[in-house]
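A structural walkthrough
So the chains spell out like this:
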Amino acid sequence: MSSGQRVGVIGLGNIGGAIAANLVADGHHVSVYDPDELRTGAVVGLGARAAHGPAEVAERSEITFASLPTPPIVDEVATAWLGGAAADGVFVDLSTNAPATVRAIGARCAAAGRHFLECPLTGGAPGAQGRMLVFMVGGEPAVVERVKPLLDKLGRATFHMGPLGHGNTAKLVNSLLAFTSTWISLETLAVAAKMGLDLRTMVDVVRTGGATNFYIDRMVELLNERGRPTQFALGLAAKDAGLFLDLARECGVPTPAAAQVAQALVAAVGAGLELRLPPARS
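For the structure given in this document, a descriptive report is provided here. Predicted, not measured: the structure shown is a model, and the values here were computed from it.

Definitions and cut-offs
Residues numbered from 1 in each chain as written. Predicted model: local features only at pLDDT ≥ 70, side-chain atom pairs only at ≥ 80, totals over all residues. Heavy atoms only, no water. Helix = DSSP H or I, 4+ residues; strand = E, 2+ residues; numbered from the N terminus. Rg over C-alpha atoms; globule rule 2.2 N^0.38 Å. Buried < 20%, exposed > 50% of the residue type's maximum accessible area, 1.4 Å probe, protein only. Contact = heavy atoms within 4.5 Å. Lys, Arg positive; Asp, Glu negative; His and termini not counted. Charge placed at Lys NZ, Arg CZ, Asp CG, Glu CD. Polar contact = N/O pair within 3.5 Å; in protein donor to acceptor, adjacent residues only side chain to side chain. Phe/Tyr/Trp six-rings, centres within 6.5 Å; stacked < 30°, edge-to-face > 60°. Salt bridge = Lys/Arg side-chain N within 4 Å of Asp/Glu carboxyl O. Patch = residues over 30% accessible without salt bridge, like charges linked within 9 Å, V, L, I, M, F, W, Y side chains within 5 Å. Areas by Shrake-Rupley, 256 points an atom, 1.4 Å probe, with all protein chains shown as cover. Axes fitted to C-alpha atoms, helices over the stretch in contact; angles between N-to-C directions. Parallel < 35°, antiparallel > 145°, perpendicular 65-115°, else oblique. Nonpolar A, V, L, I, M, F, W, Y, C, P; charged D, E, K, R; others polar.

Right, let's get into the overall build of the protein. From N to C terminus, the protein includes 12 helices and 9 strands. By the compact-globule yardstick of 19 Å for 282 residues, the protein fits well, its C-alpha radius of gyration being 20 Å. Along the longest, intermediate and shortest principal axes, the C-alpha atoms of the protein span 65 × 45 × 35 Å. Considering the protein as a whole, with its 282 residues, one finds that 46% of them fall into the buried category. Pairs at least 24 apart in sequence give 65% of the contacts found in the protein among residues at least 6 apart. Averaging the coordinates of the 23 positive side-chain charges in the protein and doing the same for the 25 negative ones gives two points 3 Å apart.

Glancing now at the environment of Asp 34. By the element assignment, Asp 34 lies in the loop between strand 2 (29-33) and helix 2 (37-44). Judged by relative accessible area, which is 8%, Asp 34 ranks as buried. Not counting residues within four places of it along the chain, the set of residues in contact with Asp 34 comprises Gly 11, Leu 12, Gly 13, Arg 39 and Thr 40. A distance of 2.7 Å separates the side chain of Asp 34 from the backbone nitrogen of Leu 12, its partner in a polar contact.

Our focus in this paragraph is the packing of aromatic side chains. Counted by the stated rule, this structure contains 2 aromatic pairs. Seen from their ring centres, Trp 81 and Phe 91 are 5.3 Å apart, and the 70° between their planes marks the pair as edge-to-face. Remark: Phe 91 occurs in strand 5 (residues 90-93) and Trp 81 occurs in helix 4 (residues 71-82); sequence separation between them is 10 residues. Classification of Trp 81 by relative accessible area gives buried; the value is 1%. Members of the aromatic cluster, joined through ring pairs, are Trp 81, Phe 91 and Phe 116.

This part is about the pattern of salt bridges. Taken as a whole, this structure holds 10 salt bridges when the rule is applied. Salt bridges sharing partners connect three or more residues here, namely Arg 200, Arg 207 and Glu 221.

Together, Val 191, Met 195 and Leu 197 make up a nonpolar patch on the protein surface, roughly 320 Å² of accessible area in all. Its location among the elements puts Leu 197 in the loop between helix 8 (166-194) and helix 9 (199-209).

Next up on the list: unusual backbone geometry. Phi is positive for Asp 88, close to 75°, though the residue is something other than glycine. Under the relative-accessibility criterion, Asp 88 is labelled partly exposed at 42%.

Here we come to the packing of helix 4 against helix 5 (residues 99-111). Here helix 4 crosses helix 5 at 5°, and the two axes come no closer than 11 Å. Classified by the angle between their axes, helix 4 and helix 5 sit roughly parallel to one another. Counted together, Pro 71, Val 74, Asp 75, Ala 78, Thr 79, Trp 81 and Leu 82 of helix 4 and Thr 101, Ile 105, Arg 108 and Cys 109 of helix 5 form the full contact between these two elements. Broken down by class, the residue content of the contact of helix 4 with helix 5 amounts to 7 nonpolar, 2 polar and 2 charged.

What follows is the structure, encoded as structure tokens:
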């Protein structure tokens, strides 16, 4: 294990916890922080070392990954991380964030002689566990090259989209395509079911007829499974959709269909269907 890097992970939910576990398995010296003791204990049990906060993670780590739920929390954690980061340290934000927020955090890090990289991802909990994540990176090329060897081991593809802000723009576009495909698929299949059509045949028709999408191609096969662990909270989907609408307004692009999907997600959360993620990985 002596040849591994000193790496930190802040936020040990379904994504961060799996990434921390994989970094430990790869032989790195991993320091972790999460306010949830169960999450922390699960990763410490695999060989990680617990820290008391983001600053302590920063003190111990050359590169720190953060997987956090909202832009304000990322901003708060990045500020705390700067309090302990060594010169030339790198903060890698894996969260889905607002492009303006990552640019502002990046400017603060640069002014302090530290580095910030945005690295939102897709693949969810199964992708994190199985090293099948896709990373959309924004930041300076030299910093990307420092972090890319770690990303290449944690996922199946890494795309450097350009400067800070471009990574999250790519992620938000990808998310809205996924949310919209899922929502319209569920609505239309519900109509087919109410009219008495066999859903297996209907799915085969859509796949063969050319109107298919990622949900119909793969995710619909899970439709009848009950009791599966929650892998992505509707509250986070609503947050991501809201960030996309903010971005669309900033660049003056009308997005009426995306707005309807975003409102449907907000309504689902308001109806009590947020489906919060469990407090610790099993």
